[in-house]
Amino acid sequence: LFSWEWSVLIGGAAIGLALMVEHAPPLKLLFNSAVYAMAALLAAAPYSLAGGTGAADLGYAELTTLVFAAGAIFVLVNVALVCGAISLASETPFRFVIGDHIRHSGPAFLIMGFLAAQTVIFWNVSPFLVILVSAPLFTLNLYQRSSVRGRAALMAAATDSLTGLNSHRAFQDDLAEAVDDAAECGAPVALCLIDV
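Please read all numbers here as calculations on a predicted model, not as lab measurements.

What counts and what doesn't
Within each chain, residues carry numbers counting from 1 in the order of the written sequence. The predicted origin of the model limits local features to residues at a pLDDT of at least 70 and limits the giving and counting of side-chain atom pairs to 80 or more, whereas totals for whole chains, interfaces and linings rest on all residues. To obtain the side-chain values, all non-hydrogen atoms of the structure were included, while hydrogens and water were left out. Numbering of helices and strands starts at the N terminus; helices are DSSP runs of H or I of at least 4 residues and strands are runs of E of at least 2. Within these notes, the globule rule equals 2.2 Å times the number of residues to the 0.38 power, and the radius of gyration is based on C-alpha atoms. Type-normalised accessible area, obtained with a 1.4 Å probe on protein chains alone, sets the label of each residue: buried when under 20%, exposed when over 50%, and partly exposed for intermediate values. Stacked, tilted and edge-to-face pairs are distinguished by plane angle, under 30 degrees for stacked and over 60 for edge-to-face with tilted covering the rest, among Phe, Tyr and Trp rings (Trp via its six-membered ring) whose centres lie within 6.5 Å. Definition used for salt bridges: Asp or Glu carboxyl oxygen within 4 Å of a side-chain nitrogen of Lys or Arg. Buried Ala, Val, Leu, Ile, Met, Phe, Trp, Tyr and Cys residues that are joined via side-chain atoms within 4.5 Å together make up what is termed a nonpolar core. Only heavy atoms matter for contacts: two residues are in contact if any of them lie within 4.5 Å across the pair. Disulfide: a pair of cysteine sulfur atoms within 2.5 Å of each other.

(A) Main features of the overall build of the protein chain. The helix and strand inventory of the protein chain stands at 7 helices and 0 strands. For the protein chain, the sequential pattern of α-helices and β-strands runs α-α-α-α-α-α-α. Here the C-alpha atoms of the protein chain give a radius of gyration of 22 Å, more than 25% beyond the 16 Å that 2.2 N^0.38 yields for 196 residues. Over its C-alpha atoms, taken along the principal directions, the protein chain stretches across nearly 70 × 40 × 30 Å. Relative to its 196 residues, the protein chain shows a buried fraction of 21%.

As structure tokens, then:
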């Protein structure tokens, strides 16, 4: 809607402010602000390639296409950089980290893409209409919080809080999965009980 300079400034400042409210460590605040700023800068590429004409000069189809392209670039850059940092910090292969992230966050990002397109179109009709996007954004926020809490609860149910080892429930799940995998490929399964 504005320019790439404003995108970089708003992108970096918005996440920085949100993390300051949460009292995030300075390194996390700087990293996430830089990631959002870089993602916002690269997301401006479709607009620049389209000739940089004003949003009001574009038709709704062109505008929606540009918004989806910019949103896809923003999400891909953001997710790749964040998952890369998580991969390095946890010494987990990048493909596992990004696969898990896409599986859990992919639907939310797709919904955000549609909301972004609606926001741009509403803004072009009348900036006051942007208020109509607040209810879906609030609902998406609730969905994401619920999803994160659900994943944390599943993780807590699968591990022993004292030792950090898998619980009996997780053992039963892993054993059932191993037996199913062995049945599919005809390989034997061995279970060893060792008293340490």
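(B) Quick peek at the packing of aromatic side chains. On inspection of all chains with the given rule, the structure shows 2 aromatic pairs. Between Y36 and F74, the ring centres sit 5.3 Å apart and the planes meet at 80°, which makes this aromatic pair edge-to-face. Of this pair, Y36 sits in helix 2 (residues 26–43) while F74 sits in helix 4 (residues 60–90), and the two are 38 residues apart along the sequence. With relative accessibility at 26%, the residue Y36 sits in the partly exposed group. For F74, a relative accessible area of 21% gives the class partly exposed. Look at F68 and F114: their rings are 5.2 Å apart centre to centre, the planes differ by 80°, and that puts the pair in the edge-to-face class. Highlighted residues: F68 in helix 4 and F114 in helix 5 (residues 94–125), separated in sequence by 46 residues.

(C) Structural view of the pattern of salt bridges. Using the criterion set out here, one finds 1 salt bridge in the structure. The salt bridge involving D100 is made with R103; its shortest N-O contact spans 2.8 Å. Linking D100 with R103, this pair stays in helix 5, spanning 3 residues, or about one helical turn. On the basis of relative accessible area, D100 is assigned to the partly exposed category, the value being 26%.

(D) Geometry of the nonpolar core. In this structure, L58, L63, L66, V67, A117 and V120 together form the largest nonpolar core, which totals 6 residues. Sorting the residues of this core by element identifies helix 4 and helix 5 as the ones contributing at least two each. For this core, the element with the most residues is helix 4, which contributes 3 residues. For A117, the residues in contact, after removing those within four places along its chain, are T64, V67 and F68.

(E) Representation of the state of the cysteines in the model. Using the criterion set out here, one finds 0 disulfides in the structure. Among the cysteines around C192, which has no disulfide bond, C185 carries the closest sulfur, lying 18 Å off.

(F) Local environment of unusual backbone geometry. The residue H23 is not glycine, and still its phi comes out positive at about 60°. Relative to the assigned elements, H23 resides in the loop between helix 1 (4–21) and helix 2. The exposure class of H23 is exposed, given its relative accessible area of 71%. With a phi close to 55°, E91 is a non-glycine residue in the positive phi region.

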